[in-house]
Structures are given as structure tokens and as C-alpha cells.
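These are the residues of each chain, in order.
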Amino acid sequence: MTVVEENRTPGDELADTPGATGRAHSHGAGTVPDASRAARRTSFEVADFAVPTGREEEWRFSPFARIKALFEVAAAESAPALEVSAPEGVEVRSGSLEEVGAGTGFVPGDRVAAAAWQAGGQAHLVRIPAEAELDEPVLLTLRGTGGATSGHLVVDAGRHSRATVVLDHVGSGTHRGGVEVRAGDGAQLTFVTLQEWDSGAVQVSQQDVLVGRDATVKHFAVTLGGDVVRLSTNVRYAAPGGDAQCLGLYFSDAGQHLEHRLFVDHEATHCKSYVEYKGALQGETARSVWIGDVLIRAAAEGTETYELNRNLVLTDGARADSVPNLEIETGEIVGAGHASATGRFDDEQLFYLQSRGLAEADARRLVVRGFFADILQRIGVPAVQERLLATIETELETTMPAAAGATVPAAGSSTMPAPAGGQQTDAEKAEEN
Amino acid sequence: MATLEIRDLHVSVEADGGSKEILRGVDLTIRSGETHAIMGPNGSGKSTLAYSIAGHPKYEVTGGSVTLDGEDVLEMSVDERARAGLFLAMQYPVEVPGVTVSNFLRTAKTAIDGEAPKLRTWVKDVRSAMEGLRMDASFAERNVNEGFSGGEKKRHEILQMELLRPKFAILDETDSGLDVDALKVVSEGVNRVRQGNDVGMLLITHYTRILRYITPDFVHVFVDGKVAEQGGPELADALEESGYDRFLTPAAG
């Protein structure tokens, strides 16, 4: 892959060395960034957040015109339908925010989340009892039916339980959704959020993850559908020894804006976090945004963290923004690093595969499959993995009829740019402490 | 018996906003079972010939023809050429992240043959070809060209040639960057393909070194975009002695 875009501030390699404790650094800083990510406001009151103008650091990447209705409490007219399939022993309830015990592991971090909270609507609770070990995943399907909806979901995994919960967003409409994932001490929880909306759908959601003592949480986001999806995932640790993995996969087509914002807030000691998001983009105006904020507070000794974002740009005209931010307030950590690389499916790769007999569409499919293969496997739910792979391949076929049908310009045509020979360096930056 | 025929081939590349002619009328006929060495100084157009035959989009054919048993190769897309039986072992093969060698080989074999290979014989063929090239079995599970050393890339190219069984194989500077041991292993692989199949081979090289292990039937000296001289294996020996100098001075000869 050839790197076409990389966010990097010269000289900041030095900022994360152990001697530079207390200093923060960030990449691609915008207008007026907060002095620290910790300073960003959180509140249950919508009035505590000014109506954004679109120039704020946290909004500047988003397609403002398409989401601004969501800043008002009144935007939601109804609650979305939630279909539930859960193994025996799992408690599933619906009610008001209060009735399902929401808010102990969730605080709105922006105006949309606060407005959704205030709109109330119907909230749902999925509770896995302590020490329960589920063989089958809990499957939740949130089906939009064209209107504007707000909703809140609490996933509460009891201590030493083991479970997988899949939340699938499908259908149409505009949705603001809060998700509150609470993993008790020693729990092992996988939470998968799938954004498989029909085209035209808009979703702005906040998902907070609270990791208990020695708990392991895997948060997996897959965004393939919808016109605009903006998903903010915040991870906090309730006690030492927690381990959080945030994995993600997205595929942005023409006209789609898929935005994933992560914030891992390390305050407890001896916790781990690992963030890895991979995205592919194809078509004019396909857009993706990935923001990865990691904060290691002064108290968070023994922290180990790494974050990684990779983008594969399949066609001209697509744009991927990737902004990792690592803020370290103590040098007493095990390790901290990040990497970001955006590469493109280039003519040399295509030529190589075609010269081995693969038609262009097959070559493209092989490359995209290879790009996603290893992250997809980590969902750990085979049925979901297979369905997502099929969806990705369908997207490759339906949205790229030109690639599937066209013959490739061979010698005799000079319309393609000269190959960038020997440039397959996948430049990335990793900082180890 | 197949024939690859190159007639009066002219090829240009776009450079600095202008078009630059690299090949200026190349004539070459290769038949099944023959090995032709193309030798020449840097910039003489050797690799351009290789990539033009394979169909790299960078090169624009402005005149002449390339036919495979009478079929117009220049009208074919890159993958069609491969399926017609042409193979190019590249000097700088690219990485394909997330795609294992094993998956890649099977996918390519299926594309070339138009059907999936029979599993049992295929696994055996892959294993024995890898053993022949002294490649560890774990190699099959690595991602294509990712983190490969120069020697591993070349072995992997020859491995593909052995398994895909082309009618005509073009080896673009397969010897460059190899130490003597690796060169021997790679040459043995090439010789196995020559003996086992009725393949026609175009061996492109800057040095005579590889010709000690792979004896060509014909040697062509490439200078300034065309064949300046041709002969048998003895021509390579003469070049080893005197180098390319006498071809580079227009006044000489």
C-alpha cells in the first residue's frame, strides 16, 4: 500500500518518551482544542452543551447539515423497536431510564447524547447474571421505520459472567442511541454493535463502556450502512486490572459519512487498552473519520495501551481522516503507542494480481478480503462474520459495476498513472514507552 | 508446440509530460522448449520488453505486434494474457496484506485453469515445489510478499511459475540481489520447470552469472531498445569477457 495521507506532527515522536511525562501531544489539532481531553464536558443536561456551530473540534469533521436536527430534544418522535433473542437466564426489560437503572455507567458527552437522554423514550436493559456463562450470543435488533427515534440500552454483565451481546441497527430513519455497557468484576464481555442501516439513515450514538476490576471487554463496531453514522465510544475503568479492546471495521461508499470516535480514559492502575479500526473506502465522496483519543491520567500507573487505524482507499475521490491522540500524564506505564496509515489499492497491486490470472473485480475482492480478514475473525460470532463478509462483497460488486465489467487498460493505453515502483512502504508510526 | 512472436515492437512511456520511446523495433521469436537470454546494459529496455508483453499499463505500445500462436496478445487485458499462458516473474513483486501464500496460489491456479485444482494433488504439488525451492512449510501461511526477504520474493515468484505452468515465462532479473546459494536454488527451480514442461522462457538479466546455472539456447544483446546482436550461449561468454562496452560506442564494430 502506498500511503496517501497521514496525520503526523513533526517532532512529536519525542513527546511520549518517558522523560516527557506530563506533556500532551495531539495530531491534526483543529480550531481550539481542549487543553486536555479530560476537560471535555459531560452532562445529563442538554442546556450544558451549546448548540454546536460545526467548527468545534468534536464536530468539525461531521456533515453538519445532515445531523443538526439531532441537537434538539424534540427531534425524537418515538422509540425504536427492539427485537430480542436471548438465551435462558438473561434478563431483558424495558422501561424508563430510571426503571432500567441507566446512568451509572454513562454520561452524555455531547449535545446529541444529552438531547437523546432528555428525550427519554424507551430504555432497555439486558442483564447477564453473575457467573453465568452463555454459550449463545444475545441478539438485539434495533429496527428503524423511517421516523426520528431516541433510545437507550443498558448491558449489564454480572461479575465473572461470560457473554456476547450483538446489537444490530437496521432499517431507516434518524436515530440517537445511547448504549451503556457495564462489565462487573472479572466479567468477560463481548459487545458487538453493527450499523447495517438502509441508505438514507442517520445515526449519532454514544456508547460508554465501564470495565470492572479484572474484567475483559471487547467492544466491536462494524459500520457498513446508513448515510451518516457517527459513533462515539468511551471506555472507563471502574477498578484496576481491566482490559478493553475496541475493534472496528467500516466500509464507506459514495455519499456515506462514517465516523468513529474513541476515547479511552485510563485512571485506574494496571489496566490495558487496545484499539484497532480498519476501514475501506470507495467512490466519489465516500468519507470516513476516525478519532482515537487515549488519556493516561497521572494515577494510571502500569497502563498498557496501543491504538491503530488503517484505511484502504479503493478509488479516487474518497477521503479518510485519521487522528490518533495520545495524552500521557505519568511515565510509570508499561507501554503506549499508536499508529495510523492510509493506503490505497494501487495500480501495482492490481497489475500483480491480474498478471496471475485474476480479473480486476476478483483482484479487488481478494485485497479487500485480505485487508479485513483478520479483524473480522475477531468478532468471534461465525454467523455474524459470514454475513458481514457477504455484505462487504456485495457492496464491492453493486457499487463498482465499472470495476466488475470493465476490461483493464493494458499496454496500449496510457490513461493510468505511472506505477509507483518500490513504494509499498506502509509507513506508520509507533511509539513505545 | 507454441510460439510467441514479437514483431517490430515499439513502446513508449510517459515521462516528464512527454512521451519517450524505449523499445525501437524489437523482433523476437520464442518457441516452446527454448530458453532465450536477453542481456543488456541498464536502460536498454529489457524490463520494458518484459512488462509490455505482460501488459503493464505504464507502457504504451505505439507499433508492432505480439502474438501467441497467432492470437493478438496486445488486445488482451493483463489477466487474459495470464490465462492465455504468459507468466512474468517480477523483480519487485508487491505485498498483498492479509492474503496468505497458500490462498493466493490456489486463487491464481483457479483463475488460470478456469477451475479449482483437485485438492489432494494440489496440496502435494505445492509441498513438493516448496521443498524443491527449500522453502519452509510455514511459508505458505505468510502473507504474500509481506516481510519477505529479496531471496524469498524470488523463490515465491519461481514457485508460482512452477505451479501455474505457463506456456511462456518471462523472468525479469530474477538473479538480481541473490547470493550464490539462493541463485543456485532459484536456478534449479527454473531448470525443473524447463525439464518438466515444454515451456518457452525469456530470461532477462544484466549479469552473465545466472547463465552458469541456466544454459540458454539463444542469447540476445539488447542495446538502445532493440536487439543489437544475437547468438548462442557463447555470446554470453564473450560478454563476460568484454562487457557491454563495444555495443555502447557507436563508432565501434
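Here the structure is a predicted model, which is why all the values come from computation and not from measurement.

Cut-offs and rules
Residues numbered from 1 in each chain as written. Chains lettered and ligands numbered in written order. Predicted model: local features only at pLDDT ≥ 70, side-chain atom pairs only at ≥ 80, totals over all residues. Heavy atoms only, no water. Helix = DSSP H or I, 4+ residues; strand = E, 2+ residues; numbered from the N terminus. Buried < 20%, exposed > 50% of the residue type's maximum accessible area, 1.4 Å probe, protein only. 1 Å grid on protein atoms, 1.4 Å probe; cavity = no way out; pocket = protein on both sides within 12 Å on 5 of 7 lines; lining within 4 Å. Points joined across faces, edges and corners; volume = space filled by probe spheres on them. Nonpolar A, V, L, I, M, F, W, Y, C, P; charged D, E, K, R; others polar. Contact = heavy atoms within 4.5 Å. Buried area = accessible area lost by both parts, 1.4 Å probe. Salt bridge = Lys/Arg side-chain N within 4 Å of Asp/Glu carboxyl O. Polar contact = N/O pair within 3.5 Å; in protein donor to acceptor, adjacent residues only side chain to side chain. Pairing = 2+ DSSP bridges. Axes fitted to C-alpha atoms, helices over the stretch in contact; angles between N-to-C directions. Parallel < 35°, antiparallel > 145°, perpendicular 65-115°, else oblique. Left-handed = near helix turned anticlockwise from the far one by under 90°.

**Focus on the overall build of chain B**
- Secondary structure summary: chain B contains eight helices and 12 strands in total.
- Burial analysis of chain B (253 residues in total) assigns 55% to the buried set.

**Here's the deal with empty space enclosed by the protein**
Residue and element names in this part refer to chain A.
- Evaluation of the coordinates by the stated rule reveals eight cavities of 30 Å³ or more.
- Around the largest cavity, the lining comprises 17 residues; the ones closest to its centre are Leu142, Gly151, His152, Leu153 and His175.
- Sorting the residues of the lining of the largest cavity by element identifies β6 (138-157), β7 (162-183) and β9 (202-211) as the ones contributing at least two each.
- Take the lining of the largest cavity: its biggest share by element is six residues, from β7.
- Looking at the lining of the largest cavity residue by residue, the classes come out as six nonpolar, 11 polar and no charged.

**Some remarks on the interface of chain A and chain B**
- At the interface, 27 residues of chain A touch 41 residues of chain B.
- Taking both sides of the interface into account, the surface hidden between chain A and chain B amounts to around 2,800 Å²; carbon and sulfur atoms contribute 67%.
- At the boundary of chain A with chain B, the tally comes to one salt bridge.
- Across the pair Arg356(A) and Glu157(B) runs a salt bridge, and its minimum N-O distance is 2.6 Å.
- Put simply, chain A and chain B have 10 residue pairs in polar contact (both at pLDDT 80 or more) between them.
- Elements supplying a minimum of two residues to the side of chain A that touches chain B: α3 (347-354) and α4 (360-377) of chain A.

**What to know about the pairing of strand β8 (residues 188-195) of chain A**
Residue and element names in this part refer to chain A.
- Counting buried residues along β8, seven of its eight residues qualify, which places the element largely inside the surrounding structure.
- Bridge count for β7 against β8 is eight bridges, and the pairing is parallel. When the sheet's bridge partners are listed, threonine 164 is paired in β8 with threonine 190.
- In this structure, β8 lies alongside strand β10 (residues 216-223), joined through eight bridges in parallel fashion. Paired with leucine 194 across the two strands is valine 222, which belongs to β10.

**Focus on the packing of α3(A) against α4(A)**
Residue and element names in this part refer to chain A.
- Interhelical geometry of α3 versus α4 gives an angle of 115° and a closest axis separation of 9 Å. Classified by the interaxial angle, the pair formed by α3 and α4 is roughly perpendicular. Here the hand of the crossing between α3 and α4 comes out right-handed. Across from Gln349, Leu350, Leu353 and Gln354 in α3, the residues of α4 making contact are Glu360, Ala363, Leu366 and Val367.
- Considered class by class, the residues forming the contact of α3 with α4 number five nonpolar, two polar and one charged.

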